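Remarks on the overall topology
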Amino acid sequence: MKLVAQPDESALAPHGFDFCPGCGYGSVLLALTDVVRTMPQQPVFMVDIGCVDFMTAHMPGDVLMGPHGRTSVLASGYKRMRPERLVCAVQGDGGFMGLGAAESLHTAVRGEQITIIVLNNGVLADTGGQLAATTLAGKATSTTPEGRAPQHGPPLPFLEMLATLTGVAYAERVAIDSALGVRRVRRAIAKAFEVQAAGAGLSIVEVLSPCPTHWRMDSVQAWEYITESVRTVYPTGVLVDRTKVVQ
Amino acid sequence: MKLVAQPDESALAPHGFDFCPGCGYGSVLLALTDVVRTMPQQPVFMVDIGCVDFMTAHMPGDVLMGPHGRTSVLASGYKRMRPERLVCAVQGDGGFMGLGAAESLHTAVRGEQITIIVLNNGVLADTGGQLAATTLAGKATSTTPEGRAPQHGPPLPFLEMLATLTGVAYAERVAIDSALGVRRVRRAIAKAFEVQAAGAGLSIVEVLSPCPTHWRMDSVQAWEYITESVRTVYPTGVLVDRTKVVQ
Amino acid sequence: MSEVLSIVLTGRGGQGVKLSSELLAWSASADGYNPIQYSVYGALIRGGEIACSLAASREDPGVPLRSDYALMCAMHNDWFDRYYPLLVPGGLLAYDVANITPSSLTRSDIEHVAIPVAEMAIGAGDPRAGNMVVAGVVANVTGLASRDALEKGMTEVVPAHRADRISRNLAAVETGYTWAERELRDSFAAWRLQ
Amino acid sequence: MSEVLSIVLTGRGGQGVKLSSELLAWSASADGYNPIQYSVYGALIRGGEIACSLAASREDPGVPLRSDYALMCAMHNDWFDRYYPLLVPGGLLAYDVANITPSSLTRSDIEHVAIPVAEMAIGAGDPRAGNMVVAGVVANVTGLASRDALEKGMTEVVPAHRADRISRNLAAVETGYTWAERELRDSFAAWRLQ
Amino acid sequence: MTTVAKRFGSGNEAVIDAALAAGCHFFAGYPVTPATEILESAAEKFPANNRVMVPTEGEIAAIHMVAGASLAGYRAMTATAPLGLSLMSEALSFFSGMTELPGVVVVQQRWGPGDGSLGPGQDGYNQATRGCGHGDFKMIVLAPSTVQELADLTILAFDLADTYGLFVLVLGDQLLAIASEQYVVSEPVEREPRDVEYGRGNGLVLPELVAVDETAGDFAALERVGRRWEQKFAAIERDEARSARVGDEGAVDVLIVAYGSLARIAEYSLTQLRERGLRVAVVRPITLWPFPREAVRSAASEATLVVVAELSMGQMIHDVAEAIGRRPEIFVNWLGGRAPSTGEFATRVLAHCDELQLEGTA
Amino acid sequence: MTTVAKRFGSGNEAVIDAALAAGCHFFAGYPVTPATEILESAAEKFPANNRVMVPTEGEIAAIHMVAGASLAGYRAMTATAPLGLSLMSEALSFFSGMTELPGVVVVQQRWGPGDGSLGPGQDGYNQATRGCGHGDFKMIVLAPSTVQELADLTILAFDLADTYGLFVLVLGDQLLAIASEQYVVSEPVEREPRDVEYGRGNGLVLPELVAVDETAGDFAALERVGRRWEQKFAAIERDEARSARVGDEGAVDVLIVAYGSLARIAEYSLTQLRERGLRVAVVRPITLWPFPREAVRSAASEATLVVVAELSMGQMIHDVAEAIGRRPEIFVNWLGGRAPSTGEFATRVLAHCDELQLEGTA
Amino acid sequence: MAKTVGTVTIAAQLCKGCDLCVVVCPEHVLAMTEAINDKGWPVVALVAEGCTGCTLCADVCPDGVFAVYREERSVGGGRR
Amino acid sequence: MAKTVGTVTIAAQLCKGCDLCVVVCPEHVLAMTEAINDKGWPVVALVAEGCTGCTLCADVCPDGVFAVYREERSVGGGRR
Ligand SMILES: Cc1ncc(C[n+]2csc(CCOP(=O)(O)OP(=O)(O)O)c2C)c(N)n1
Ligand SMILES: Cc1ncc(C[n+]2csc(CCOP(=O)(O)OP(=O)(O)O)c2C)c(N)n1
Ligand code: SF4
Ligand code: SF4
Ligand code: SF4
Ligand code: SF4
Ligand code: SF4
Ligand code: SF4
Ligand SMILES: [Mg+2]
Ligand SMILES: [Mg+2]
C-alpha cells in the first residue's frame, strides 16, 4: 500500500511532544513541519515563552527563544540584517496581545517582513491558565474564578485591528477544531511564508488552538468549544490579503 | 463693557505657560480649565512625561505626573479605588501610542471609567522632535532626517482602532487649527467628562496639536499643516459614541 | 524512631501525585500534626516528573527539601532513581506494581511493598483515581491522618470547579486505607506517627 | 594671562545662545585651538535659561564645568546672577544693552561693555540674529576664531534643513566682528588668545 | 478585636491572608512562576473580601495600577518573580524613589538570568537591594525564611511602606512560595484610606522634584530634595536593620551568614556540624536593605571562619565583605535552581572547614 | 588601512563615529535625555554608511531589535539613559546573561529616581554594575571620563562583547554626552557578520539553558551551565579590570577614588589640593565591573585618607569599601543633577581634611 | 441700529508673538510690535479701532493673553 | 469496481489518549484501549477492518501517532 500520510520524524524526535493530551500546539508543530519540508529554505524561528516554548526543540529550523511577548521585534531585528532569510515568530496570545501588545502593534505598523504565528488558546496556559486578552466573556480562569466579567473587558479582536494597518500584508485566522481546520492551518502557514518571500509585508496567522487542560474539558469538548463559542467571537478566514492588491 | 472672554488666572499663574510660541498645548490647557470651572468637581489628573508635562503646574486639579507612556493605567488604578472622582490622563502621542501602546490598548479593552486626553503633535516633542507613531509620511524628524519612509511604516490610526472596542464609550478627534477648532476642543473635553460621570466607559479625546518648533514652521503654517495635511490622515470628528446606544 | 516522619511521593504530573500529597498534608494538619509539604517538578514539561516531599511532626517538621525519607511511594519509573537512594535504611518503598520495573528494586536494607493501584482504583469505581488510592495507603500506614481528617482535607484540596469529584475520590482513598490496614499492618510499624 | 581662556554666554534658549557658542567652539577648533564647550539648561522649560561654557587652549582646555570665566556675554537677565560672580577679577562682562538691567552691574573689579545687539542685528538685515552678532564680537575680542574659521564653523553648526540661513548669519557675525575690532580694541587685550 | 486563625497552606497563600490582615485593598498582577499562586489566591479572596483585584496584561500595567491605588490612599500590592521585577523597575524608581508612594511587592525568587530555571534560587538580591531601577533610591527589602515569617513580614512591609513612603519588597523564593506549612494570621481588616496630602499650587502636585523645579531649572533646589532623601535612607539604615541569630552564643568556630530558605536549611544543618565538634551559629539578615551590618560585623568578630551561603554566584557576599572588612573565608553556593538538603549543606561546609584545617572548640 | 580623522563634537556624536569605526552595522533606539543625540547622529550616519538604524516605539523594542541583529551576526547597539536601561533590564538579563549574545549599550547618566533631574549625575552605577535585571549575570561596564575616551571605550566595548559573549555597557554621563571636544576616531569600517554557531538538534537552539534542560527537568545540568558562567565571570574579573592613576606617585596624603566626568574634575582639582601642601592622587576605575579592586586596594594601602566622590548618594563607595576593607574616611557627593567645578570640588575635600586634621606631607 | 463694539486687554508679558491672533482677527486691529517682553518675545498690540469683541483672538491665543469686552451701542438716528 | 482500502500504523508511545482520532474516524475503526504507554497515557488501536486510508486521523492527531497507507483494489466481477 502507498504511504499517504506520515508525520515528520525529526519533528517528533526524540520522544514526541510534551503538550497535554489534545493540545492544539502539536497540530501546529506538525503543520509547520509539513509546510517547511516543501520549502526551499528553512526559516529561522523566534519562539516566545509559554506552553509555546515546548515547541523549541522540535522546530524545523534554527530557533531562538525570546523574552515573553517580544519575539516579533526580536525577529524584526534579525530580518533587517538578514533579508534573504525567512524569519518566523511563534507567540502565544498572552505574549502577542497582552504583554507585548505594543511591540506587536508596531511590528505591524512598520510592516516588518516577517511571519508571525499566534497561538490563541484563550489563556496564559504555561503559568496555569490565567485570564488572557482572548478569554471569552464568562469563561472561568484561575485569575477570574467567577468568569471573565465586565470589569475585565471583553475579548480583544487584535487581529481585526492589526488587519486595518497597511503594513500587514496578510492576516488569516484558522482553527484547530476539525480535520479540515488542521489542513487550513497548513495552508495558511504556507501562504504566510509565500507572502514573506515576496517581500509584501508582515504576514500573520492566528490559530485558535484548544487547551483542554485549562479549559477544563476533554479534547473533544475543546474542539466543540472552538467551533461553537470561540469562532463566534473570533471568526476564521482571511482578514486581509494585500498581496492581491499589489499584483 | 461686558467681559466676554478671559482666561482663568489660576491656570496662567504664576508666569504663564512654558510652551513654545504657537504651541497648541496652551490652548488645550486653557480649554481644560474652562471646562473644569463649570464642573461640580475638579478631576484628578495623571500627566504623562513630555512637553505635556509642562502642564503639570497649571492643571485645574490635583496632579500626579507618571512614568512615560503609562498614565492611563496609573489613572485606572486610582479610579478603581475612587470611583466617585473624575480621573483624567493627559498624554502625548508618543507615550500613548508608542511606548505605552500596550497599556493604552488594555485600558480601552477593560473599558476603564476614565478620560484620556491625547495630544497628537506628530513628534516626540520634549526630546527634540523625533519620529512618533503619528508622524506623517515623508515628514522629516530628527531621527528620520530624510523623512518618514516606508521602512518606518505609515502613521498609526490608533484612535480608529481603539474605537472598535466596546470598552471605549466615546472617542473624538479634534484639531487646533482654527478658532472653531479650539471651541471644539472644549466641547469634546466637556463631553468626555460627562461620559465618565455617567460611568459609560472610557472616553478619549485626541487633539491634533501644532508643534511649530519641531515641524520647523511658524505658528500660522503649523495651523495650515494641520488643516491641509494632518487632518487628511487623521480626520476629525466623533469616532464613536456608545452612550447613544446605551440610552 | 525519629520525631519527624519524612515521606516522598514520586511519579508523573498527570497521575495526580501532587493532589495526593496535598491531601495528606492538609489531613495531617487537621489531625494536629505540623506538616511541611513541597513539590519538585521536572522543568518545562506538561505532565512531567514530580516528587512531593512531606514531613510531619507533633513539633517542628524542619525544612521542605529532605534527604531522609522513611517512606517512598513510587508511582512511575521517572525520578525513581533520584529518590530511591534517599530512603533511610529500614525505610519502606511502596510502589505501583504496574509502573515500576521490578529490576530497579535493588536495595536490601529497606522493605518493598507492591500496591495494586490500578486494580484498586477500578474497584473503587474510578480508574483514574490511583493517586487517591495511594493517599489512602500512606495515610493508614503512617498514621498521618484519620478517615475524618481525610474527609476534611479533601474538601480543602479539591478546587471548587471540581467539587463533583469529591465523593469518587473519597471512595478511592477508603479503598487504599482499608487495603493497607489489612495488608500492611506490620510494615512500617516502627515509623508510624502516634 | 592664563593658558586657558574660559568664557560663558548666558541668556534664554530662544535667543540662540547655544548656536553662538557652538559656532565659536567649532571655529576655534578649525583655527587650531583645543576647545571644550558645554551648555547648562534650566530644566523643564522651553526657551528657558541657558548658559554655554567655552574653554579653549592650545593645549588641554580642562573640564567642561568652569568657575573661572575671563569673559561673560550676558544676553538676558536670566541667570545673570548665577554667572556674574564667576567672572575672575580683571575679566570682562559684555552685555546686551537692551536686555540687562544696568543696576545689576555692581562689580568694580571687572570691566563692563554694552553691546547694541539689536541695533547691529537689524543693521545686518536680520533682527533675530543677535546671537550671531554676539558670536562675532566674542570671536574678535578673544582671538578665538578668524573670519575664515567662522565661515567654516558656520557650515558645521547650522543644521542642513536651515542651510538657507547661513549667509544671513555670516553677515551678522561680520557686523559684530567689525564692531568689536573698532570698539573693543583694547578691552580684554590681556586675555586674548594668540 | 481581630481573631487569629491557624491555617495550613503554601507561602503564596499566606501572602494573601497576610495582605488581607494588613488591610490591603488592592491587588494587580501578572502571573509568573513561582509567584502565580499569589495572584490566584488574590483573585479568590480579594473580591470575596470586598477588595479589588485586577489581572493585568503585564507587569508594567500591574505596578502602575498599584501606584494609582496607593495614590488614592489605599494599601496596594503586587507579586512577581525577579524576572517581572525587572519590568517593574522603571516604575518603582519613579513611584518609590521619586513620588514616595507606599506600596508592597512580594518577589518570589527562582534562579538564573532570562527566563532561567524554575527551581529555587536567590538571584534577585542585587536587584532588590540596590539595582532595581535607575536612580538614587532604595527600597526596604525583607527576607523571610518560613511561611509564617513570610506572612508576618508581608504585614510589616505595609507598615514600613506607610511609615517611610516607599515600596517595600518582600523577597521570598521558590521554596517558600510553594512549600505548605501551618501559619497563623489574623482575620481580614478593612482600612480607611490614608490622607494624601502634598498640596501646593492648584492642587496636589507630585513628584516634589517637579514641584520644586517647576520654573527655575534650579539644581540647587533639586539637590535639597536629594539631601532630604539621603537623610531618610540614612534613618532607615540606622533604625530598621533586622537580623536573627541561631546556634551557639558568643565565640564560634564557624559563623554562617545566609538568608531566606537557605538560612533555614543552614539552621537545620547545625546539628550535623556540631557532631564534628564545631561551635556554630547562623546569622540571618532579615532586612537585606538596610543590611544588618553591625550584627554581622560583631558576630564575625567572634568567629574563626565566616561562611557565606547563597543560591547564586555570590551577591550578598559583597555586603558581608563590606560589613566585616574582609572577604569571608568560605563561600558555598548552589546554582541552576537547585537547593541543598541539610545534609548536603553541612557536608559542603565541612569540606571547606577541613581544607582550612579548622579545629573545633566544642 | 583605515584613516584617522580629528573631529570636534559632543560625546554623543563621538559614540556614533566610534561605532562606525568598530564596524557596528545596526542601531535601534528610543530618545531620552541626555542620550538622544546619539540616536540622532545614528539616524544621520548609519544610513549614510549603508547600515541600519531603526527608531523604535520604546526601549523594550530597541533592545530586542539589537538582540535580533546580534543573533544575525552583526555588531549592534543602542543608547539610552539609566531610565531607559531599567526598561531594557529584563531583556538584557535574557540576551546577555542567558543567551550570551554580544551587544553594546551606551548609557548616559543623569541624576535621580524616576524621571529625576536632567543635569549630570551618576545614578546608574548600582544598576549597571550589579542590578540591571534579575538573575545571576554580569555585564562589563566601562566608564570614560573624556569624549576621546568615550569613543575609545565604545570601540573596546564591541571587542569585549564579542570576546566574552555578553552585553557591554558604556556608562557615560550628561557632561560627557553634551560637552563638545576634539577627538580622534578612525573611518567607518564594514565588518562581516560573525558565524553564529550553537548548533544542536534540528538546528541552532538558544538559550543553552533550554537546550540542556529540554526534557529532563535536570537541575544538575542547569547547575553545570551556571558553573560555566561563574567561571566566565571569574575570568573577566581576573583579566579585564582597568583603572588609571593621576597625581603623585607612591604614598599620598589623600587618595581620591572617582570615575567618569567627576574623576576628570577631581584630576583638575589636584593643583588646588597640592597648594595646601598635600600629596594627592586620583585613582579612576575605568571598568566599574569588574571593579579594579586590586588597584584601589594597593593605592589605598599607601594613603592616609581615602576620599570617594560621586554624583549620587553613594553607590561605588561600597565597592571601594569592600576593596580596601574599611569605610573610606571621606565621602563627598553632589545630588540633584549638579556637578561641582574643580574649585568647589577641592574646597569640599579640603574642608573634610581640615575636619580630620590632616597634615600635608608635600 | 445697534452696532457691536468691543475691545481687548492684552497681557503683554504672556505674549509670545506667535501671530495667530493677528491672522485670525477679522477686523485686522491687532499687529505685532517691535517691543520685546521680559520673556524675550515680541508682543502684540491693539493698533486700530474697530474691535467687535468677537473673541476669536481669545479663542486662538495659546497663552491666554486676551480679555475681551463687548457691548451693543446704538449708532445713527435709526430710521423707522 | 474499485474500492479504496487503507490501514494505519500507530506509534503507541506517542499517543496520549485524547480521543480525537476515535471521534473523527468515519469508519469507526479506532478505539481507546486499556493499555497505558510509558508516558502513562492510554493508547489508541486499530480495532476493526474497514479503514479507507482517508487520513483524517492523521490530520487530527496532535501527536503524530499515525502513518496512513492506502491503495485502490478492484472488487467484485465487474459487470460491463
Ligand atoms: C516578563 C514575564 N512575565 C511573566 C512570565 C511568566 N510567563 C511565562 S509563560 C506565560 C504566559 C504565556 O501565555 P501565552 O503567551 O498565551 O502562551 P501559552 O502558554 O498560552 O502558550 C507567563 C505569564 C515571563 N516568562 N516573563
Ligand atoms: C521610559 C522613558 N523613555 C524615554 C523618556 C524620554 N522622554 C521624555 S518625553 C519623551 C517624548 C514624549 O513624546 P510625546 O509622548 O509625544 O509627548 P510630547 O513631548 O510630544 O508632548 C521621551 C521619549 C522617558 N521620560 N521615559
Ligand atoms: S496547558 Fe493548554 S496549551 Fe499548554 S500544553 Fe496543555 S493543553 Fe496545550
Ligand atoms: S516643542 Fe512643540 S509641543 Fe513642545 S512646547 Fe514647543 S511647540 Fe509645544
Ligand atoms: S475680539 Fe475679535 S475683533 Fe477684537 S481684537 Fe479680538 S479678534 Fe479682533
Ligand atoms: S496669539 Fe497670543 S501669544 Fe500669539 S501673538 Fe497673539 S497674543 Fe501673542
Ligand atoms: S485513515 Fe481514516 S478510516 Fe483509517 S483509521 Fe484513520 S480516520 Fe479511520
Ligand atoms: S488523536 Fe493521537 S494522541 Fe489522540 S488518541 Fe488518537 S492517536 Fe492518541
Ligand atoms: Mg495562550
Ligand atoms: Mg508628541
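On a predicted model such as this, the values are computed, not experimentally measured, just so you know.

1. Points about the pattern of salt bridges
- Taken as a whole and assessed by the stated rule, the structure comprises 100 salt bridges over all chains.
- With a closest N to O distance of 2.8 Å, K45 of chain F and D17 of chain F form a salt bridge. Taken together, the residues span a long stretch of sequence, with K45 of chain F in helix 2 (residues 36-48) and D17 of chain F in helix 1 (residues 11-21) at a distance of 28 residues.
- Take D17 of chain F: its relative accessible area is 5%, and that puts it in the buried class.
- Close ionic contact of R326 of chain F with E329 of chain F constitutes a salt bridge, the shortest N to O distance being 2.7 Å.
- You can call R326 of chain F partly exposed: its relative accessible area is 30%.
- For E329 of chain F, a relative accessible area of 32% gives the class partly exposed.
- What you see here is one network of salt bridges that share partners, running through D8, D34, R37, R183 and R186 of chain A together with D59 of chain H.

2. Comments concerning the side chain of H25 of chain F
- Topologically, H25 of chain F is positioned in strand 2 (residues 24-29).
- Apart from the residues lying within four places of it in its own chain, the contact partners of H25 of chain F are M81 of chain A together with F46, R51, V52, Y74, R75, V189, E190 and R191 of chain F.

3. Brief notes about the interface of chain E and chain F
- If you look at the interface, chain E gives 56 residues, while chain F gives 56 residues.
- Buried area between chain E and chain F, summed over both chains or domains, comes out near 4,700 Å², and the portion from carbon and sulfur atoms is 57%.
- Counting across the chain E and chain F interface gives 2 salt bridges.
- Across the salt bridge formed by R338 of chain E and E223 of chain F, the nearest N and O atoms sit 2.5 Å from each other.
- Taken together, the connections running from chain E to chain F amount to 28 residue pairs in polar contact (both at pLDDT 80 or more).
- Residue assignment for the side of chain E that touches chain F shows that the elements contributing at least two residues are helix 4 (82-98), helix 5 (125-131), helix 9 (219-239) and helix 12 (316-324) of chain E.
- Here the side of chain E that touches chain F takes 10 residues from helix 4 of chain E, the largest share from any one element.
- Broken down by class, the residue content of the side of chain E that touches chain F amounts to 19 nonpolar, 23 polar and 14 charged.

4. Quick word on the coordination of the magnesium ion (ligand 10)
All names here are of chain B.
- At 2.1 to 2.2 Å from the magnesium ion (ligand 10) lie its protein donor atoms, namely D93 (OD), N121 (OD1) and V123 (O).
- Sequence positions of the donors to the magnesium ion (ligand 10) reduce to the motif D-x27-N-x1-V. Within this pair, whereas D93 is found in helix 4 (residues 93-99), its partner V123 is found in strand 6 (residues 123-124), the two being separated by 30 residues in sequence.

5. Concerning the relation of the copies chain E and chain F
- Superposition of chain E onto chain F requires a rotation of 180 degrees combined with a translation of 0.0 Å along the rotation axis, giving an RMSD of 0.0 Å. Both chain copies can therefore be described as sitting about a two-fold axis.
- A share of 100% of interface residues in chain E that are also interface residues in chain F marks the association as one of identical surfaces.

6. Comments concerning the packing of helix 5 (residues 147-157) of chain D against helix 6 (residues 166-183) of chain D
Residues and elements named next belong to chain D.
- The geometry of helix 5 relative to helix 6 is characterised by a closest axis approach of 11 Å and an angle of 150 degrees between their N-to-C directions. Taken together, the axes of helix 5 and helix 6 are roughly antiparallel relative to one another. In this structure, helix 5 meets helix 6 at a crossing whose hand is right-handed. Note on element contacts: helix 6 touches helix 5 through I166, N169, L170, V173, E174, Y177, T178 and E181, opposite R147, L150, E151, M154 and T155.
- Per-class residue counts for the contact of helix 5 with helix 6 are 6 nonpolar, 3 polar and 4 charged.

7. Overview of the site of ligand 8
- Close contacts around ligand 8 come from C15, K16, G17, C18, D19, C21, M32, V44, C61, P62, V65 and F66 of chain H, and that covers them all.
- Along the lines of polarity and charge, the residues of the shell around ligand 8 split into 9 nonpolar, 1 polar and 2 charged.

8. Re the confidence of the model for chain G
- The pLDDT averaged across chain G works out to 91; a share of 92% of its residues lies at or above 70.
- Complex prediction metrics read pTM 0.96 and ipTM 0.96.

So, how was this worked out
Residue numbers here run from 1 along each chain, matching the order of that chain's written sequence. Here the convention is simple: chains get letters from A, ligands get numbers from 1, in the order in which they are written. Local features in this predicted model are restricted to residues whose pLDDT is 70 or higher, and side-chain atom pairs enter the listing and the counts only when it is 80 or higher, whereas totals over whole chains, interfaces and linings include all residues. Side-chain numbers here rest on the full set of heavy atoms in the structure, without hydrogens or water. Each reported salt bridge corresponds to a side-chain nitrogen of Lys or Arg within 4 Å of a carboxyl oxygen of Asp or Glu. Starting at the N terminus, helices and strands are each numbered in turn, a helix being any DSSP run of H or I of at least four residues and a strand any DSSP run of E of at least two. Remark: exposure states derive from per-residue accessible area (1.4 Å probe, protein chains only) relative to the maximum for the residue type, with buried under 20%, exposed over 50%, and partly exposed in between. Throughout, a residue-residue contact means that at least one pair of heavy atoms, one from each residue, lies within 4.5 Å. Once two parts are brought into contact, the accessible area they lose, counted with a 1.4 Å probe and summed over both, makes up the buried area. N or O atoms closer than or at 3.5 Å make up a polar contact, with two conditions inside protein: a donor-capable atom paired with an acceptor-capable one, and, for residues adjacent in sequence, both atoms drawn from side chains. Under the scheme applied here, ten amino acids are nonpolar (Ala, Val, Leu, Ile, Met, Phe, Trp, Tyr, Cys and Pro), four are charged (Asp, Glu, Lys and Arg), and all others, including Gly, are polar. For Na, K and Ca the donor cut-off is 3.2 Å, and for all other metals it is 2.8 Å, counting N, O and S atoms only; because water is absent from this set, sites may look incomplete. Least squares is the method used to superpose the copies, on C-alpha atoms of residues holding a pLDDT of at least 70 in both. Note on method: axes are straight lines fitted to C-alpha atoms, helices fitted across the in-contact stretch only, with angles between N-to-C directions ranging 0 to 180 degrees. Working definition: roughly parallel below 35 degrees, roughly antiparallel above 145 degrees, roughly perpendicular at 65 to 115 degrees, and oblique for all remaining angles. The hand of a helix crossing depends on one turn: near helix anticlockwise from the far one by less than a right angle means left-handed, and clockwise means right-handed. To be near a molecule or strand, a residue needs just one of its heavy atoms within 4 Å of it. Confidence of the prediction at every residue is given by pLDDT, a number between 0 and 100.

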